[in-house]
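# Summary of structural features
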Amino acid sequence: MRNGEWPRFLARPYVCGAIGPYDPAKLGLLARSGPAVTAVHTGREAALFSSGPLTPYRADPGATAYAWGDRRPAADAGADGWLPVAEAYETPGLIDAPGEVTLHTGAFGLVDVYYLADGDAVYFAGLIEPLLALARRPYRVNWRAWAAILKLTYPLLDDTPYDDVKRLPGATALIWSRTGRRLRLDRRAPWWVRREPIDRGVTARDMVALLHRALEPYDRVLVPVSGGYDSRLLASVAVARGMDVESWTTSPDDGLDTDIDFARYITRELGIPHRIVPQDPARYPEEALWVARRLEYLTSHHAWYAPFAREVHRAGRPVVDGLAGGPLMKNFLISSDAVAAGTGAARREALLASLATGAPHIPVLGDAAREWIDDQVRTAFLQATSMLHGHRAELPLSVLHTRTVRGIARSPLGLAGPEVTPVFPFLHPEFFEAALSVPVSRKEGGRFYREILRAANPRVAALPSTNEPLLPNRRVPLRSNGPVAREWNHRMLVRAAEIPGLLSPQMLEVVEAGPDALTAFGSWNSRFWLRALVLFGAWLTDYGEALGDLTPPWHGDGAAPAAAPRGGTAPAPA
């Protein structure tokens, strides 16, 4: 891996392969360019390599089918096509049938499938970097991806930082027809889009019972506890089930260590072992770069998670994660303006405003760059959420299909995992369906969530929470803006400033003034803009010599990137 080490794929395997009329030499190069793999399936116009044992969940005259998510499909799965497998097990997979070969994602697309199209052949992998061995040199920058990473903190659609490498979205398949000799993109609506939720009077006790069911397969887990609602609910249920539970907490580097204080109260009340994982400000640059490289520069989130993730790897326990709890149960990032909007267009505009990083204390982007980025992100967001428009649960599903999948899920899947198994109880199909059926108006202000907490453990529910903003906070210095971090941040900003027109005159003055000028970037919005620009500068530093023309589309004659395919046609050849 460029300037880093490959993740250790212990809980799930790393896979790569090809479908269609692939070139064996290129497939061999792909297999050698990532973590060590061996062939597990080689057929006519279908090949699959894996870093660990991978046996088909189905092998009969009708098809040979593989899956490499965290849950193995049943032997009779797949009889009705790839989508039921993707929905029931949230797993990507490969299905080699006599008439066609199918490469598919999970219904949400939590486990990444990246691909590079070369004529009618498609080469795929669980990481971006190995596919770059097959990409054209120099690499072409996908400016639309970086527009979204800068403004939202994560990309949208099938975007990665490179034009030639795409990400297969959730509930999507690439299918090579052996009879028709053509490649097609098969985009489906998952069950939660096809079946609109109807309020069926789900109670808080119902929700707690469904969480018990979601945790049934596990007996020995790690439940990281913060000061919020999600982790205390999951810890309460795990303890009530009599599971072997450990709990750890670390500082999220938000300028407050209230999470640590509140986690102590919660774990003491629950009677579970609790440990604080320390953070060292002097190691921030090393840890931020480790996270950026592990996540392949796809999000500016999670730099604070590095020391915690390394300890999780040593423990080896499945990690119970509260992914999706906020959007599902307390309208997180769903503003009152979005809920009350009178038109679909107004609702989407309000939601996008909530998801985007707000205005910093000074303008950070040049005018032309800001206008181009705003336009690209708005267009991509509307396209990424288009199948949800008009849906009864449009608002929470739009958050889940964008921010949750492309940004937040990277932490449990790409930092804790693939060394350990992440467990997502809130995405268990029965719990997920029940949560969607509760109207957003009932969830306003966290009202419904508090009912669930009281049903699970009223004593824990009564403890102070970081989800209650009027409580006093304990302020601490930001590691990401300490002296060592500022020096590194500044070096990365200098690199980003080389892109014509990206930074505003005010931001260029900050860069010119040196590292100590970054002390002003302490507010929530300003620090997130800074982190995104630093991430971009770090990517340019790592990949600069391999990148082609760095003239951005808002400057001079730069051309905007092509739109992603909407479905039904094969990806453009490389």
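Residues numbered from 1 in each chain as written. Predicted model: local features only at pLDDT ≥ 70, side-chain atom pairs only at ≥ 80, totals over all residues. Heavy atoms only, no water.

Quick look at helix H7 (residues 258–270) now. Between the first and last C-alpha of H7 there are 18 Å, a value that for 13 residues agrees with the 18 Å anticipated at 1.5 Å per step. Listed as buried for H7 are Thr258, Asp259, Ile260, Asp261, Phe262, Ala263, Ile266, Thr267 and Leu270. Turning to H7, the residues buried within the fold contact helix H6 (229–240), strand S14 (244–250), strand S15 (274–277) and helix H19 (458–461). (Helix = DSSP H or I, 4+ residues; strand = E, 2+ residues; numbered from the N terminus. Expected span 1.5 Å × (residues − 1). Buried < 20%, exposed > 50% of the residue type's maximum accessible area, 1.4 Å probe, protein only. Contact = heavy atoms within 4.5 Å.)

This paragraph deals with the packing of aromatic side chains. For the coordinates displayed, the defined rule picks out 25 aromatic pairs. Measuring from ring centre to ring centre gives 5.9 Å for Tyr139 and Tyr162, while their planes differ by 80°; the resulting arrangement is edge-to-face. Taken as a pair, Tyr139 in the loop between strand S9 (121–125) and helix H3 (143–152) and Tyr162 in the loop between H3 and strand S10 (166–167) lie far apart in primary sequence, 23 residues in all. The residues Tyr139 and Tyr162 share a single accessibility class, namely buried. Ring geometry for Trp146 versus Phe536: centroids 4.9 Å apart, planes at 55°, classification tilted. (Phe/Tyr/Trp six-rings, centres within 6.5 Å; stacked < 30°, edge-to-face > 60°.)

What follows covers the sheet that holds strand S7 (residues 100–104). The strand order across the open sheet formed by 6 strands is S4-S5-S6-S7-S11-S12, and the pairing between neighbours is antiparallel. Each edge of the open sheet is held by one strand with a lone partner, namely strand S4 (58–60) and strand S12 (182–187). For this sheet the average axis-to-axis angle between neighbouring strands, irrespective of direction, equals 15°. Summarising the sheet, strand S5 (residues 63–67) and strand S6 (residues 93–96) pair through 4 bridges and their orientation is antiparallel. Its bridge partner being in S6, Tyr66 is matched across the sheet by Leu94. Against the sheet, helix H2 (residues 82–89) makes contact with S6, S7, strand S11 (172–177) and S12, and its axis sits at roughly 20° relative to S7, the strand it touches most. (Pairing = 2+ DSSP bridges. Axes fitted to C-alpha atoms, helices over the stretch in contact; angles between N-to-C directions.)

The next point concerns the packing of helix H12 (residues 344–355) against helix H14 (residues 394–408). Close contact between H12 and H14 brings their axes to 11 Å; oriented N to C, the two are set at 40°. For the element pair H12 / H14, the angle class is oblique. Along this stretch, H12 crosses H14, giving a crossing that reads as right-handed. Across the interface between the two elements, Arg347, Arg348, Leu351 and Leu355 from H12 touch Glu394, Leu395, Ser398, Val399, Thr402 and Arg403 from H14. Taken together, the residues of the contact of H12 with H14 sort by class into 4 nonpolar, 2 polar and 4 charged. (Parallel < 35°, antiparallel > 145°, perpendicular 65-115°, else oblique. Left-handed = near helix turned anticlockwise from the far one by under 90°. Nonpolar A, V, L, I, M, F, W, Y, C, P; charged D, E, K, R; others polar.)

Membership of the largest hydrophobic core comes to 90 residues, with the highest contact counts inside it found for Leu502, Phe536 and Trp539. At 11 residues, the largest contribution of residues to this core is made by helix H22 (residues 524–543). Excluding its chain neighbours within four sequence positions, the residues that come into contact with Leu502 are Leu150, Val364, Leu365, Gly366, Ala369, Ala496, Leu533, Phe536 and Trp554. Formed by 58 residues, the second largest nonpolar core is a distinct cluster that contains Ala324, Met329, Leu427 and Ile452. (Core = buried A, V, L, I, M, F, W, Y, C linked by side-chain atoms within 4.5 Å.)

Attention shifts here to the sheet that holds strand S1 (residues 15–19). If you walk across this open sheet you meet the 6 strands as S2-S3-S1-S9-S8-S10, and the pairing is antiparallel. Either end of the sheet is taken by a strand with one partner, and the two such strands are strand S2 (38–43) and S10. One ladder, built from 5 bridges, connects S2 with strand S3 (residues 46–50); its direction is antiparallel. Among the inter-strand pairings, Thr42 is bridged to a residue of S3, identified as Ala47.

Here we take up the environment of Thr249. Residue placement: Thr249 occurs in strand S14. On the basis of relative accessible area, Thr249 is assigned to the buried category, the value being 2%. A C-alpha to C-alpha distance of 5.0 Å links Thr249 and Ile276, two positions 27 residues apart in sequence. Leaving out residues up to four positions away in the same chain, Thr249 has contacts with Val225, Asp259, Ile260, Ala263, His274, Arg275, Ile276, Val277 and Phe308. For Thr249, the side chain forms a polar contact with the side chain of His274, separated by 2.7 Å. (Polar contact = N/O pair within 3.5 Å; in protein donor to acceptor, adjacent residues only side chain to side chain.)

This part covers the side chain of Glu311. Assignment of secondary structure puts Glu311 in helix H9 (residues 306–315). When its relative accessible area of 18% is taken as the criterion, Glu311 is described as buried. The contact partners of Glu311, leaving out residues within four places of it in the chain, are Trp248, Arg275 and Val277.

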